[in-house]
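# Geometric and topological summary
The chain contents come next:
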Amino acid sequence: MGFSDLRRTRSATNKFTKERIYVRTLMLSDLEACVALEEAAFISSERCPRETFSYRLKVCPELCFGIFTIRRSKEYLLGHVIATKTLSSSVTESSMAVATSRNSPHNPAGPTIALHSLAIQPAHQGRYLGSTLLQEYIQRMSVGGCVQRIALIARDRLVGFYERFGFRCNGVSPVKFGGGEWMDLVREI
Ligand SMILES: CC(C)(COP(=O)(O)OP(=O)(O)OC[C@H]1O[C@@H](n2cnc3c(N)ncnc32)[C@H](O)[C@@H]1OP(=O)(O)O)[C@@H](O)C(=O)NCCC(=O)NCCS
């Protein structure tokens, strides 16, 4: 779904359809907005810590995108996608690890994008912003031939959402994070 489709969607409100919506890569200056969005969208056990956001926005901003609108002449972050690269073909504990002085989980040579966070502001969920951002992300990451696949883990209830975008579910992920079971999803590019 593209932006013109977003404006046409029946789920969007009239007020919303008049807003300008756009996607751009994130920068370190977006850190506070990303941390606030993560807090709003995820329960505490599933949130990415601030230092990890900071690390990812510093080392691989080209893999991190936000969907924005303008309010009172200021940008407002409606949603984000945060990712790193890994040599593994799926999301692993090590690709999700907190960076330290001796361990940098992002591997620029990795052919797999490990998508760690897709989040939309709760007040704006269900308006196809998540679909728009993910579609746009896949399109942008498909250009250039450097990426072979996008991998992520998701709760079982979201498997259908990701399958719409070409992700294949490979069953339960071995990743233990935040309690409970995660499904392993991969989309080949
Ligand atoms: C999951 C999320 C990113 C989806 O974004 P969104 O903008 O709300 O979703 P969309 O409006 O694009 O939804 C598209 C479709 O997916 C479905 N869907 C969206 N969220 C869903 C959910 N949590 N469970 C089941 N289905 C869902 C919608 O019902 C819709 O289906 P329809 O076309 O049949 O109506 C967003 O709800 C969110 O940020 N949730 C909290 C954080 C989270 O769980 N992120 C995913 C981590 S893996």
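Every value quoted in this text rests on a predicted model; they were computed, and no experiment measured them.

Each value, and the rule that gives it
- Residues numbered from 1 in each chain as written.
- Predicted model: local features only at pLDDT ≥ 70, side-chain atom pairs only at ≥ 80, totals over all residues.
- Heavy atoms only, no water.
- Buried < 20%, exposed > 50% of the residue type's maximum accessible area, 1.4 Å probe, protein only.
- Helix = DSSP H or I, 4+ residues; strand = E, 2+ residues; numbered from the N terminus.
- Arc of directions from axis to C-beta.
- Contact = heavy atoms within 4.5 Å.
- Salt bridge = Lys/Arg side-chain N within 4 Å of Asp/Glu carboxyl O.
- Phe/Tyr/Trp six-rings, centres within 6.5 Å; stacked < 30°, edge-to-face > 60°.
- Lys NZ or Arg CZ within 6 Å of the ring centre and 35° of its normal.
- pLDDT = per-residue confidence, 0-100.

Turning our attention to helix α3 (residues 31-41). Among all positions of α3, only Leu31, Cys34, Val35, Leu37 and Glu38 are buried. Along the axis of α3, the buried positions cluster into a sector of 165 degrees, meaning they face one direction only. For α3, the elements touching its buried residues are α4 (50-59), β3 (74-86) and β4 (112-120).

All right, on to the pattern of salt bridges then. Enumeration according to the criterion identifies six salt bridges in this entry. Ionic pairing is found between Glu46 and Arg155, a salt bridge with its closest N-O pair at 2.7 Å. Note that Glu46 is positioned in the loop between α3 and α4 and Arg155 in the loop between β5 (149-154) and α7 (159-163), a separation of 109 residues in sequence. Judged on exposure class, the residue Glu46 and its partner Arg155 are both buried. Between Glu188 and Arg149 there is a salt bridge; the shortest N-O distance is 3.4 Å. Residue Glu188 is located in strand β7 (residues 183-188), and its partner Arg149 is located in strand β5; the two are separated by 39 residues in the primary sequence. The exposure class of Arg149 is buried, given its relative accessible area of 13%. Where salt bridges share partners, they join Arg24, Asp30 and Glu75 into one cluster.

Next up on the list: the packing of aromatic side chains. Scanning all chains against the criterion turns up six aromatic pairs. Each ring, one from Tyr22 and one from Phe68, has its centre 5.8 Å from the other, and the planes form 20 degrees; the classification is stacked. With Tyr22 in strand β1 (residues 21-25) and Phe68 in strand β2 (residues 65-71), the pair connects residues that are 46 residues apart, well separated along the chain. Of the two residues, Tyr22 and Phe68, both sit in the buried class. For the pair Tyr162 and Phe167, a centre-to-centre distance of 5.5 Å together with 70 degrees between the ring planes defines the contact as edge-to-face. In this structure, Tyr162 and Phe167 share a single accessibility class: buried. An aromatic cluster is defined as three or more aromatic residues linked by ring pairs; in this entry it consists of Phe161, Tyr162, Phe165 and Phe167. Seen from the ring of Tyr76, Arg71 lies directly overhead, with NZ or CZ sitting 4.1 Å from the centre. For Arg155, the ring lying beneath its charged end belongs to Trp182, and the centroid distance is 3.7 Å.

Take the confidence of the model for the chain next. Put simply, the chain has an average pLDDT of 90, and 90% of its residues get 70 or more. In the predicted structure, residues 1-14 sits below a pLDDT of 50 and forms 21 contacts with residues beyond four places in sequence or in another chain.

Bringing the environment of Pro122 into the picture now. Secondary-structure assignment places Pro122 in the loop between β4 and α6 (129-142). When the C-alpha atoms of Pro122 and Ser90 are compared, they prove to be 28 Å apart, with 32 residues separating the residues in sequence.

Even without being a glycine, Arg72 presents a positive backbone phi close to 45 degrees. Tracing the backbone through its elements, the reader meets Arg72 in the loop between β2 and β3. Taking the relative accessible area as the measure of exposure, Arg72 reaches 81% and is therefore exposed. The phi torsion at Tyr128 lies on the positive side, around 65 degrees, for a residue other than glycine. Checked against the element boundaries, Tyr128 lands in the loop between β4 and α6. Accessibility expressed as a relative area gives 31% for Tyr128, which makes it partly exposed.

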